[in-house]
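# Understanding the architecture of this molecule
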Amino acid sequence: MPFDFKKEYKELYLPKEKPAIVTVPAMHFIAVRGKGDPNEPGGAYQDAVGVLYAVAYTIKMSKKGGRRIEGYFDYVVPPLEGFWQQAGVQGVDYTRKEDFEWISCIRLPDFVTREDLNWAAEEAARKKKIDTSAAEFLTLEEGLCVQCLHVGPYDTEPATVENMHLFADKQGFEPDFSDGRRHHEIYLSDPRKAAPEKWKTVIRHPVRKR
């Protein structure tokens, strides 16, 4: 059976609809950075997602081509994730989507190196006839965070975020946002296939001991 990050790391990918404090280890990602409203048709965010999946599946399917990646094992491509921020805002303001600064990404298995990613980006560009030059190898260690599963449309996330912060405050934690520690979302549902009220999104915020 292919390795499935969601099943192997349930604490990080399949949390409950009740806030919890977690410590998130360092991970490697394919990432594309950008700005603007993610809902803009044909916008930068939509293009970024296309690049991420093209590169991610090129790496996954390398086993069938000429590239032999050392340490390769079969796996399920992890879900799409996003790190979000806005200038002058602690967390995010959902009414100002045009001001988003985002890093859209997909987790990489640890066997993937920067060189492997560069190869996959070039290969995806050649085969798909797209510009993959924005794809980068990103390593992040989120550390101490509060997280919760949100079920429903993205625009109803503020209520879940408020519950997360109330929980963290009662546990003696406070928000710890910075350029390197952003509002984080992991998208467990395909919005093209599921009704908005059934969308599942992991929301994660950085915290520190008060």
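Above this text sits the structure in question.
Residues numbered from 1 in each chain as written. Predicted model: local features only at pLDDT ≥ 70, side-chain atom pairs only at ≥ 80, totals over all residues. Heavy atoms only, no water.

### Considering the overall build of the chain
Keep this limit in mind: Runs of H or I in DSSP of at least four residues are treated as helices and runs of E of at least two as strands, each being numbered from the N terminus. For the radius of gyration, the atom set is restricted to C-alpha positions; the globular benchmark scales as 2.2 Å times the number of residues to the power 0.38. Throughout this description, buried means an accessible area under 20% of the type-specific maximum (1.4 Å probe, protein chains only), exposed means over 50%, and partly exposed covers the range between.
What the chain contains, in helices and strands, is five helices and seven strands. Seen in sequence order, the chain has helices and strands lined up from the N terminus as α-α-β-α-β-β-α-β-α-β-β-β. The C-alpha radius of gyration computed for the chain amounts to 17 Å, which stays within 12% of the reference 17 Å derived for 210 residues, consistent with globular compactness. Burial statistics for the chain: of 210 residues in total, 49% are counted as buried.

### A look at the environment of leucine 138
Considering the arrangement of structural elements, one finds leucine 138 in strand 4 (residues 136-151). Using a relative accessible area of 9% as the deciding quantity, one classes leucine 138 as buried. For the pair leucine 138 and histidine 150, spaced twelve residues apart in sequence, the C-alpha separation works out to 26 Å.

### Overview of the pattern of salt bridges
We count it as follows: We count a salt bridge whenever a side-chain nitrogen from Lys or Arg sits within 4 Å of a carboxyl oxygen from Asp or Glu.
Overall, the coordinates contain 16 salt bridges when judged by the stated rule. With a closest N to O distance of 2.9 Å, aspartate 116 and arginine 67 form a salt bridge. One end of the pair, aspartate 116, is in helix 4 (residues 114-128); the other, arginine 67, is in the loop between helix 3 (44-60) and strand 2 (80-85), with 49 residues separating them in the sequence. Classification of aspartate 116 as buried rests on a relative accessible area of 7%. Between glutamate 142 and arginine 204 there is a salt bridge whose closest N-O contact spans 2.9 Å. Note that glutamate 142 is positioned in strand 4 and arginine 204 in strand 7 (residues 200-209), a separation of 62 residues in sequence. Each member of the pair, glutamate 142 together with arginine 204, is buried.

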